[in-house]
Amino acid sequence: MVNRRLLRTKAFQTIYAFRTAERANYQLAFDYIAEQFLPNLDLMIPKEEQMPKLEGLRKLAELYFEELFKGEVKADDIPADSKNAAKQALAIYRDAVKRDRVRIKHAMIEEVEKIYDNYLKLLLLLVELADVAVWDEQRRLLESEHKTSRFGENQVILALRNLPNFENEIIRRDLRWTEDDQNFIRKLFLDAVLPDTQFQAYLRTSKHNFEEDLAIVVHILKTFVLKHHSVVAYFEEKDLNWGENKDVLKSLTTKTFKIQSIAELVLQPLALNWDDDKFYFTDLFDQTLNNDDEYEKIIIEQTKNWEADRLAMTDMIILKMGLAEMIHFSSIPVKVSINEYIELAKNYSTPKSGQFVNGLLDVLSQKLAEEGLVRKSGRGLIDNK
């Protein structure tokens, strides 16, 4: 199932992507300014003669833009053309950043929810393999020892196929293995599943009990559906985050078949409480960005021997997320937050980042608690009064 460690990782990656988009938009603002001061080829003046004045206006516009951007306007004698270009560039930049934030946040949520689509599609692959097993026997003109249709009669597969909510979700989400995919599925069955000794042993028995049917489904799931290189390659091509999401998918699919009877077969939820987790996920993203300046000031005050631009962008984002979680999520213990962001730093930042994040968040948590900014309450926590 999706857990909050994964959600922290996704939020971190999304904030990093947003910051990268911000930088790109910042550069595009300068490109816009440059376009405003290109030579006018309709004039009867050679462009070489126009360039010195235009170049001067461009530089002044860039200077004024940077002052507006920082909120520190100092120059009063800027020509109107330069001022107007700078103001328009800033408006374009802010609009682009606003749109990017909405778009990237929506994609962040969509990416996590897409994990459930892949979960359903993996289950559907089991059903498709059962259909191919029936097809394989029907296409044989001569009697064969491989009674592959027996897998099509597997009671666990039949129960999965007939789960009302499974069928409804497949239709609602428009999930299917297309005609083009059938060659891939048939090849998987014929080249990998059919030669498997455990599967052949299953086929040699005409009648199977529940335990036998469940065992072969779990075997095919773990050996082929989740691990075979062709299946992995298929999903890696469709989902750039397959490598990161595969553990969640393994958990969801495996837990689906941890049953003692057919009656227990149900679809697993994406998370124990996705509504709560989704709120935490989006709020962590928003709180980190909404309080960016405040958090940066807190971090810089504690790292006076460092210049802000010397801190890796990944470290800065992780620290700001840690502050957001400690300050705004009262039910999450400080130690849990610190440990989670240490792990995030170890996996996604510099070799020394884990130790750096650990020391800084530990100091900041104590300082902010003394100032009353970190207040924890809830089960197993002490309320700061």
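Residues numbered from 1 in each chain as written. Predicted model: local features only at pLDDT ≥ 70, side-chain atom pairs only at ≥ 80, totals over all residues. Heavy atoms only, no water.

Visitor: Quick question: what am I supposed to make of the overall build of the chain here?
Guide: On a plain count of helices and strands, the chain comes out with 16 helices and zero strands. The C-alpha atoms of the chain give a radius of gyration of 29 Å, which is well past the 21 Å a tight globule of 385 residues would have. Structurally, the chain occupies a C-alpha span of about 95 × 70 × 35 Å along its principal axes. Counting only residues that meet the buried cut, the chain has 48% of its 385 residues in that class. Considering only contacts within the chain whose residues lie at least 6 apart along the sequence, 76% involve residues at least 24 apart. When the accessible surface of the chain is split by element, carbon and sulfur atoms take 50% of a total near 21300 Å². Side chains of the chain give 54 positive and 64 negative charges; the mean places of these two sets differ by 3 Å. (Helix = DSSP H or I, 4+ residues; strand = E, 2+ residues; numbered from the N terminus. Rg over C-alpha atoms; globule rule 2.2 N^0.38 Å. Buried < 20%, exposed > 50% of the residue type's maximum accessible area, 1.4 Å probe, protein only. Contact = heavy atoms within 4.5 Å. Areas by Shrake-Rupley, 256 points an atom, 1.4 Å probe, with all protein chains shown as cover. Lys, Arg positive; Asp, Glu negative; His and termini not counted. Charge placed at Lys NZ, Arg CZ, Asp CG, Glu CD.)

Visitor: Sorry, what's going on with the environment of Ile-92 here?
Guide: In this fold, Ile-92 is placed in helix H3 (residues 80-139). C-alpha of Ile-92 to C-alpha of Tyr-26: the two residues are 66 residues apart in sequence and 9.6 Å apart in space.

Visitor: What is the right way to read the side chain of Lys-10 from this model?
Guide: Summarising the element assignment, Lys-10 is placed in helix H1 (residues 4-36). Owing to a relative accessible area of 1%, Lys-10 belongs among the buried residues under this scheme. Contact partners of Lys-10, with chain neighbours within four places excluded, come to Met-108, Glu-111, Val-112, Asn-241, Glu-244, Asn-245 and Phe-281.

Visitor: Whenever I open this one, a positive patch on the surface confuses me. Can you help?
Guide: Taken together, the side chains of Lys-222, Lys-227, Lys-250, Lys-255 and Lys-258 present a region of like positive charge at the surface. Following the sequence through the fold, Lys-222 ends up in helix H9 (residues 210-225). (Patch = residues over 30% accessible without salt bridge, like charges linked within 9 Å, V, L, I, M, F, W, Y side chains within 5 Å. Salt bridge = Lys/Arg side-chain N within 4 Å of Asp/Glu carboxyl O.)

Visitor: Which parts of the structure should I look at to understand the environment of Ile-115?
Guide: Relative to the helices and strands, Ile-115 is located in helix H3. Relative accessible area serves as the criterion here: at 1%, Ile-115 is assigned to the buried category. C-alpha separation for the pair Ile-115 and Glu-22, spaced 93 residues apart in sequence, amounts to 27 Å. When residues no more than four places from it in sequence are discounted, the contact partners of Ile-115 are Val-2, Leu-6, Asn-245, Val-248, Leu-249 and Leu-270.

Visitor: Got a minute to help me understand the pattern of salt bridges in this structure?
Guide: Where charged atoms from two side chains of opposite charge approach closely, those side chains can pair. This model, assessed by the stated rule, comprises 25 salt bridges. Close ionic contact of Asp-131 with Arg-161 constitutes a salt bridge, the shortest N to O distance being 2.9 Å. Highlighted residues: Asp-131 in helix H3 and Arg-161 in helix H5 (residues 155-161), separated in sequence by 30 residues. Looking at Asp-131, the relative accessible area reads 34%, which means it is partly exposed. Judged by its relative accessible area of 29%, Arg-161 is partly exposed. Through salt bridges with shared partners, one network takes in Arg-19, Glu-22, Asp-292, Glu-296 and Lys-320.

Visitor: Is there a simple way to explain the nonpolar core in this structure?
Guide: In this structure, Val-2, Phe-151, Phe-166, Ile-220 and Phe-257 are the most contacted members of the largest nonpolar core, which totals 121 residues. The leading source of residues in this core is H3, at 24 residues. Here Val-2 is in contact with Leu-7, Val-112, Ile-115, Val-248, Leu-270, Ala-271, Trp-274 and Asp-277, once residues within four sequence places are set aside. (Core = buried A, V, L, I, M, F, W, Y, C linked by side-chain atoms within 4.5 Å.)

Treat this as a map of the structure, not an account of what it does.
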